[in-house]
Amino acid sequence: MNLLEHEAKSILSDYGIAVPRRVALLTRDGVNDAPEEFPVVLKSQVPIGGRGKLGGIKVVHDATEFHQTIEPLIQREIRGFTPRHILVEQALEIEAEYYLSLTINRELGTIEMIAHRQGGVEIEEQVSDDLLRRPLDTVQLQSISQALADLYDLPDKVFLLEDLLSCLLRCFMQNDAALIEINPLALTHHGELIAADCKMTLDDAAAFRHPEWQFEEQVSDNNFVSLNPRGTIATIANGAGLAMATVDAVARRGLVPANFLDIGGGATVESIVASFRRIMEFSEVKYIVINIFGGIVQCDQVAQAIVEARSQLPDLPQLLIRLSGTNAEQARRLLAKHELPLYDSLEAALEEISS
Ligand code: GDP
Ligand code: MN
């Protein structure tokens, strides 16, 4: 489950991590209430990154500018998501932006810190060479903080960074997080380090021990598992076995699967739209591989649902569809009408990506 920025920042703040001061959290009805202080930053609360580039983040300096900006902002759809809220925060005077995240390294079985000296909107395009990666545990905290201070070139902030990492680690563990990404971690003119943005993913499977989890996004059933927030290939399949085989086939080709999803027997327009929306929260996904065996579910009905779902979501990544079983021929004809090829095998569909 991905939290919205304002939800993630409330949690960070509970753990003693500095976040910008919240001025308001506006809904559609509240957009006429200009704040009493300026400058503020207006931030569209949609569950995706890259809002800055897509016009979802605006700094405003007075009430006139606020009124001109807020209305179009709350109506602005960003990659298929319309915000329910605009977060209004005291604008920071940013001196430098860094990247800091905690995630789970499944190979090492540890929580891992990943950091880069340059944060902000471009981090997605920067490649891994300059990343500092360290398994994070309390025993190593001091040396890791030193390495982080070196990376950021902030020699006098070792203790501040150690405190930050210690709070983050506690926050990560106590909330059953799968990812906490602070981008940017902002150094202000006053020398403070503040989490200017935060993306937080919590592990749905831990929902049973968190009655306090009340977020905009619902805890999903366990049929959707986020595998890698930077994955490039999303998967949709029916049946846990086929869903696993699909993820494995993607990984075997050296591609990075973003998720596991077993849609079960019910491939309705609503369920396909919901799956696509979930997938669109992964900013790096370039292809969605759909691998369905039509036994009880009929391929033409699945095809129809895919076509209708796609028409509702114009910015969808490219679809690679493999349907086989009951009514596969009808499905092929239907998809062809909408310029969607149907692949005869999963391998053939994946071939499309490599070529
Ligand atoms: P994202 O694009 O969805 O990751 O949204 P962010 O919250 O990270 O904002 C994108 C960029 O907007 C940041 O990297 C900053 O450069 C800028 N920004 C965000 N908040 C502030 C602020 O309070 N003051 C200033 N000056 N810039 C900000
Ligand atoms: Mn950001």
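Parameters at a glance
Residues numbered from 1 in each chain as written. Chains lettered and ligands numbered in written order. Predicted model: local features only at pLDDT ≥ 70, side-chain atom pairs only at ≥ 80, totals over all residues. Heavy atoms only, no water. Helix = DSSP H or I, 4+ residues; strand = E, 2+ residues; numbered from the N terminus. Rg over C-alpha atoms; globule rule 2.2 N^0.38 Å. Buried < 20%, exposed > 50% of the residue type's maximum accessible area, 1.4 Å probe, protein only. Contact = heavy atoms within 4.5 Å. Areas by Shrake-Rupley, 256 points an atom, 1.4 Å probe, with all protein chains shown as cover. Lys, Arg positive; Asp, Glu negative; His and termini not counted. Charge placed at Lys NZ, Arg CZ, Asp CG, Glu CD. Core = buried A, V, L, I, M, F, W, Y, C linked by side-chain atoms within 4.5 Å. Phe/Tyr/Trp six-rings, centres within 6.5 Å; stacked < 30°, edge-to-face > 60°. Lys NZ or Arg CZ within 6 Å of the ring centre and 35° of its normal. Pairing = 2+ DSSP bridges. Axes fitted to C-alpha atoms, helices over the stretch in contact; angles between N-to-C directions. Donors = N, O, S within 2.8 Å, 3.2 Å for Na, K, Ca; no water.

**Student:** Outline the overall build of the chain, listing residues and values.
**Tutor:** Counting its regular elements, the chain contains 9 helices and 15 strands. Taken over C-alpha atoms, the radius of gyration comes to 22 Å for the chain, in line with the 20 Å a tight globule of 355 residues would show. The principal-axis extent of the C-alpha atoms belonging to the chain is close to 65 × 50 × 40 Å. For the chain, with 355 residues in total, the buried portion stands at 50%. Restricting to contacts in the chain with at least 6 residues of sequence separation, those with at least 24 account for 68%. On the chain, roughly 16600 Å² of surface is accessible, and the fraction owed to carbon and sulfur atoms is 49%. Charge separation in the chain, taken as the distance between the mean sites of 30 positive and 52 negative side-chain charges, equals 4 Å.

**Student:** An account of the nonpolar core is needed here, citing residue identities and associated values.
**Tutor:** The biggest cluster of nonpolar side chains holds 45 residues, and the ones touching the most others in it are Leu-12, Leu-100, Met-113, Leu-148, Tyr-152, Ile-180 and Met-200. If you list the elements that add at least two residues to this core, you get helix 1 (5–14), strand 5 (94–105), strand 6 (110–116), helix 3 (141–152), helix 4 (158–174), strand 8 (177–188), strand 9 (193–195) and strand 10 (198–202). Considering every element that reaches this core, the biggest residue donor is helix 4, with 9 residues. The contacts of Tyr-152, once residues within four sequence positions are left out, are Tyr-98, Tyr-99, Leu-100, Ala-115, His-116, Arg-117, Leu-161 and Leu-185.

**Student:** Please provide a residue-by-residue account of the packing of aromatic side chains, values included.
**Tutor:** For the coordinates displayed, the defined rule picks out 2 aromatic pairs. Considering the side-chain rings of Tyr-98 and Tyr-152, the 4.3 Å spacing of their centres and the 25° angle between planes classify their relative orientation as stacked. With Tyr-98 in strand 5 and Tyr-152 in helix 3, this pair connects stretches of sequence that are 54 residues apart. Directly above the ring of Phe-224 sits Arg-278, whose terminal nitrogen or CZ lies 4.1 Å from the centroid.

**Student:** Residue-level account of the sheet that holds strand 4 (residues 86–90), with values.
**Tutor:** The 4 strands lie next to each other as 1-4-2-3, forming an open sheet whose pairing is antiparallel. The open sheet has two edge strands, strand 1 (22–26) and strand 3 (57–60), and neither has a second partner. Strand-to-strand twist across the sheet, computed as the mean angle between neighbouring axes with direction ignored, equals 20°. Where strand 1 and strand 4 come together, 4 bridges link them in antiparallel fashion. Along strand 4, the bridge assignment pairs Leu-26 with Ile-86.

**Student:** I'd like a description of the coordination of the manganese ion (ligand 2), backed by residues and values.
**Tutor:** Distances from the manganese ion (ligand 2) to its protein donors, namely Asn-183 (O) and Asp-197 (OD), fall within the range 2.2 Å. Of the two residues, Asn-183 is situated in strand 8 and Asp-197 in the loop between strand 9 and strand 10; the sequence distance between them amounts to 14 residues. Asp-197 carries the same exposure label as Asn-183, and that label is buried.

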